[in-house]
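Breakdown of the fold
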Amino acid sequence: MRTRLLAVCLGALIAVPAAARDYTGKAPMPTDPQLREIASLFDRWNAALATGNPDKVTELYAKNGVLLPTVSNEVRVGPEAIRRYFVDFLQAKPVGTINHRELRMIDPDTAMDAGVYTFTLTKNGKPTQVQARYSYVYEMVDGQWKILHHHSSAMPEPVGKRTASR
């Protein structure tokens, strides 16, 4: 099951053409009710960030969740390691906006949200924006969607640069 999940996730990411995309706008909400529910999970996570409470954010992750964060080289596995990351990250008062997303239902209990988001971070009273690629894999656990996998990496090229087809 997990091998199939990884293959589906990687296939979905590879299938997303990057050429000539403009990632500066806000992604529209899907109309399909099931995908709309998955899309709302980012809003739930973003609202947990806004509380400034690392426990509120950490509780959204599965017990065996994996976080590959944007601003840390450490792979975070499990609640304790994930919480440690958010203790520091929340100091910057992050606010995220989805710019582009691809949503997939893998099976009734597993879903993926992958795309590009922009975070406004505040350090020393000065806001800065960081754009990153992201992927979330959600798993239904005891009737609630939990984050099983969360990867975020800064864009490798300057924001607004268009990539030619290869």
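All of these numbers come straight from a predicted model, not from anything done at the bench.

Once that is clear, we can look at the sheet that holds strand E5 (residues 126–141). Spatial ordering of the open sheet is given by E2-E1-E6-E5-E4-E3, a layout of six strands whose pairing is mixed. Taken across any chain shown, the strands that pair with only one partner, and hence form the sheet edges, are strand E2 (76–77) and strand E3 (95–107). Of the strand pairs in this sheet, strand E1 (residues 61–68) and E2 are connected by two bridges, and their pairing is antiparallel. Across the sheet, Leu 67 pairs through a bridge with Arg 76, a residue of E2. Along the sheet, helix H4 (residues 79–89) makes contact with E1, E2 and strand E4 (110–123), crossing E1 at roughly 50°.

Attention shifts here to the packing of aromatic side chains. Per the counting criterion, the structure on display carries 15 aromatic pairs. When the centroid spacing of 5.9 Å and the interplanar angle of 45° are considered together, the rings of Phe 42 and Tyr 117 count as tilted. You can see Phe 42 sitting in helix H2 (residues 33–50) and its partner Tyr 117 sitting in strand E4, a full 75 residues away along the chain. An identical accessibility class is assigned to Phe 42 and Tyr 117; each is buried.

So, on to H4. Turning to H4, its buried residues are Ala 81, Ile 82, Tyr 85, Phe 86 and Phe 89. Looking straight down H4, one finds that the buried residues subtend no more than 135° of arc, so they occupy a single side. Of the residues in H4, the exposed ones pointing more than 90 degrees away from the buried face are Glu 80 and Asp 88. Where H4 is buried, its residues contact H2, helix H3 (54–58), E1, E2 and E4.

Attention now goes to the pairing of strand E6 (residues 144–154). Bridging between E1 and E6 involves four bridges; their strand directions are parallel. Residue Val 66 lies in a different strand from E6, and its bridge partner there is His 149. Bridging between E5 and E6 involves ten bridges; their strand directions are antiparallel. Bridge pairing links Val 137 to His 149 in E6. Hairpin connection between E5 and E6: a loop of two residues separates the two successive antiparallel strands, and Asp 142 in this loop has a positive phi of roughly 50°.

Ranked by internal contacts, the top residues of the largest apolar core, which has 30 residues, are Trp 45, Val 57, Tyr 61, Phe 86, Tyr 117 and Tyr 136. Secondary-structure elements contributing two or more residues to this core are H2, E1, H4, E3, E4, E5 and E6. With seven residues, H2 is the largest single contributor of residues to this core. Apart from the residues within four sequence positions on either side, Val 57 is in contact with Trp 45, Ala 48, Leu 49, Phe 86 and Leu 90.

Mapped onto the fold, Thr 118 is located in strand E4. Judged by its relative accessible area of 13%, Thr 118 is buried. Here the side chain of Thr 118 touches Asn 99 through a polar contact of 2.6 Å, side chain to side chain. Of the polar contacts made by the side chain of Thr 118, one reaches the side chain of Gln 131; its length is 3.2 Å. If near-sequence neighbours (up to four positions away) are discounted, Thr 118 is found in contact with Val 95, Gly 96, Thr 97, Asn 99, Gln 129, Val 130 and Gln 131.

Below, the discussion takes up the pattern of salt bridges. The final tally for this structure, using the stated rule, is six salt bridges. One salt bridge connects Arg 83 with Asp 55, and the closest N-O pair in it is separated by 2.5 Å. Here Asp 55 lies in helix H3 and Arg 83 lies in helix H4, a separation of 28 residues in the sequence. Relative accessible area serves as the criterion here: at 40%, Asp 55 is assigned to the partly exposed category. One salt bridge connects Arg 84 with Glu 80, and the closest N-O pair in it is separated by 3.4 Å.

The rules we used
- Residues numbered from 1 in each chain as written.
- Predicted model: local features only at pLDDT ≥ 70, side-chain atom pairs only at ≥ 80, totals over all residues.
- Heavy atoms only, no water.
- Pairing = 2+ DSSP bridges.
- Helix = DSSP H or I, 4+ residues; strand = E, 2+ residues; numbered from the N terminus.
- Contact = heavy atoms within 4.5 Å.
- Axes fitted to C-alpha atoms, helices over the stretch in contact; angles between N-to-C directions.
- Phe/Tyr/Trp six-rings, centres within 6.5 Å; stacked < 30°, edge-to-face > 60°.
- Buried < 20%, exposed > 50% of the residue type's maximum accessible area, 1.4 Å probe, protein only.
- Arc of directions from axis to C-beta.
- Core = buried A, V, L, I, M, F, W, Y, C linked by side-chain atoms within 4.5 Å.
- Polar contact = N/O pair within 3.5 Å; in protein donor to acceptor, adjacent residues only side chain to side chain.
- Salt bridge = Lys/Arg side-chain N within 4 Å of Asp/Glu carboxyl O.

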